[in-house]
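Geometric and topological summary
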Amino acid sequence: MTDYRDPPPDYDDAIADDMTRPGPPPPPSRSAPNRDDRAGSSRPLGASTINWYTLTNTDAGPAWAALRAWVEWFTVRYRISESMVPVCWFKHGQLVEELSALHTAHAASFDSTDTGYGPIGWHERLSLALPRLSRAYSGGCARGHNPLTPRSWTNVVDEQEWDAWTTQAHAH
């Protein structure tokens with residue numbers, strides 16, 4: 001037989017004691033977050049992209065100036081030859097698109113909110129972009145800009161054939 005000095009506590013009394021004891025604060029409610037409560041800016045990470053196809057004349061000046069400054073820095077910093085990015089790069093649409101994409105990727109990769117993987121990500125993207133960049137310019141401007149004749153779609157598609165073709169899905 002066990003001799004108790006104090007009787008064991010009653011289970012109901014133990015629960016009542018737990019409810020009156022101070023403890024950790026209750027977890028926060030799971031209601032929808034309030035936009036005003038979040039920390040930081042809601043602006044997109046990095047830089048905004050330039051859609052050269054829809055760029056307005058009003059927005060063109062600052063877009064071209066920012067891209068030019070970056071291209072000049074980039075070609076010096078990474079020793080990009082003139083045979084890859086000639087001085088007339090801005091007159092070659094495909095080069096503009098590639099360089100603009102690289103500029104945006106660089107800005108996003110080195111954004112102050114990056115967690116630290118941006119710089120290595122930038123260099124990985126650059127290694128993938130360099131072959132495309134070398135194909136974007138076919139040469140021929142060594143003695144000044146030599147404009148390329150772009151492909152034209154004027155009067156090359158038989159419109160009746162097109163209309164007949166587009167009435168079906170051609171999935172087979």
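The shown structure was predicted, so the numbers you read here are calculated from the model rather than taken from an experiment.

**Some remarks on the packing of helix α3 (residues 93-109) against helix α4 (residues 118-136)**
Running from N to C, α3 and α4 point in directions that differ by 175°, and their axes come no closer than 10 Å. The angle between α3 and α4 places the two elements in the roughly antiparallel class. For the pair α3 and α4, the contacting residues are Q94, L95, E98, L99, L102, A105, H106 and S109 in the first and G118, P119, W122, R125, L126, A129, R132, L133 and A136 in the second. Class assignment for the residues of the contact of α3 with α4 results in ten nonpolar, four polar and three charged.

**Let's talk about the pattern of salt bridges**
Using the criterion set out here, one finds two salt bridges in the structure. Note that E72 and R68 form a salt bridge whose closest N and O atoms lie 2.7 Å from each other. Of this pair, E72 and R68 both sit in helix α2 (residues 57-77), four residues apart, which is roughly one turn of the helix. For E72, a relative accessible area of 41% corresponds to the partly exposed category. Linking E98 and R132 is a salt bridge whose minimum nitrogen-to-oxygen distance equals 3.1 Å. Of this pair, E98 sits in helix α3 while R132 sits in helix α4, placing them 34 residues apart in sequence.

**Things to note about α4**
Taking 1.5 Å per residue, 19 residues should reach 27 Å; α4 reaches 25 Å between its end C-alpha atoms and fits that length. Of all bends in α4, the biggest is about 35°, found at A129, and the proline P131 comes one to four residues later.

**Some words on the environment of R68**
When the C-alpha atoms of R68 and F90 are compared, they prove to be 8.3 Å apart, with 22 residues separating the residues in sequence. Here the side chain of R68 touches E72 through a polar contact of 2.7 Å, side chain to side chain.

**Looking at the nonpolar core**
Ranked by internal contacts, the top residues of the largest apolar core, which has 23 residues, are F74, V85, W89, L99, L102 and L133. Counting residues per element, the ones that place at least two in this core are α2, α3 and α4. With residues up to four places along the chain from it excluded, the contact list for V85 reads V71, T75, I80, L99 and L133.

**Quick notes on unusual backbone geometry**
The phi dihedral of R79 falls on the positive side, at around 50°, and the residue is not glycine. In this structure, R79 sits in the loop between α2 and α3. Phi at N155 takes a positive value of approximately 55°, unusual for a residue other than glycine.

Basis of the calculations
- Throughout, a residue's number is its position along its own chain's written sequence, starting from 1.
- pLDDT decides what is reported in this predicted model: residues at 70 or higher carry local features, side-chain atom pairs at 80 or more are listed and counted, and totals for whole chains, interfaces and linings draw on all residues regardless.
- Hydrogens are left out, water is left out, and the side-chain values use all remaining heavy atoms of the structure.
- Think of each axis as a best-fit line through the C-alpha atoms, taken over the contacting stretch in the case of a helix, with angles from 0 to 180 degrees between the N-to-C directions.
- Strands are runs of DSSP state E lasting at least two residues, helices are runs of H or I lasting at least four, and both sets are numbered from the N terminus onward.
- Any angle from 65 to 115 degrees is called roughly perpendicular, while one under 35 is roughly parallel, one over 145 is roughly antiparallel, and all others are oblique.
- Every residue pair with non-hydrogen atoms within 4.5 Å of one another is taken to be in contact.
- Nonpolar residues are Ala, Val, Leu, Ile, Met, Phe, Trp, Tyr, Cys and Pro. Charged residues are Asp, Glu, Lys and Arg, and all others, Gly as well, are polar.
- What makes a salt bridge here is a side-chain nitrogen of Lys or Arg within 4 Å of a carboxyl oxygen of Asp or Glu, nothing more.
- Partly exposed describes any residue whose relative accessible area lies between the buried limit of under 20% and the exposed limit of over 50%, with all areas from a 1.4 Å probe on protein chains only and scaled to the type maximum.
- Expected span, for any helix, means 1.5 Å times one less than how many residues it has.
- Working definition for bend: take the seven residues up to and ending at a residue and the seven starting at it, fit an axis to each, and measure the angle between the axes.
- Identification of polar contacts relies on pairs of N or O atoms within 3.5 Å, with a donor-acceptor requirement for protein atoms, meaning one able to donate a hydrogen and the other able to accept it, and with residues adjacent in sequence counted only if both atoms are side-chain atoms.
- Among buried residues, those of type Ala, Val, Leu, Ile, Met, Phe, Trp, Tyr and Cys that are joined through side-chain atoms within 4.5 Å constitute a nonpolar core.

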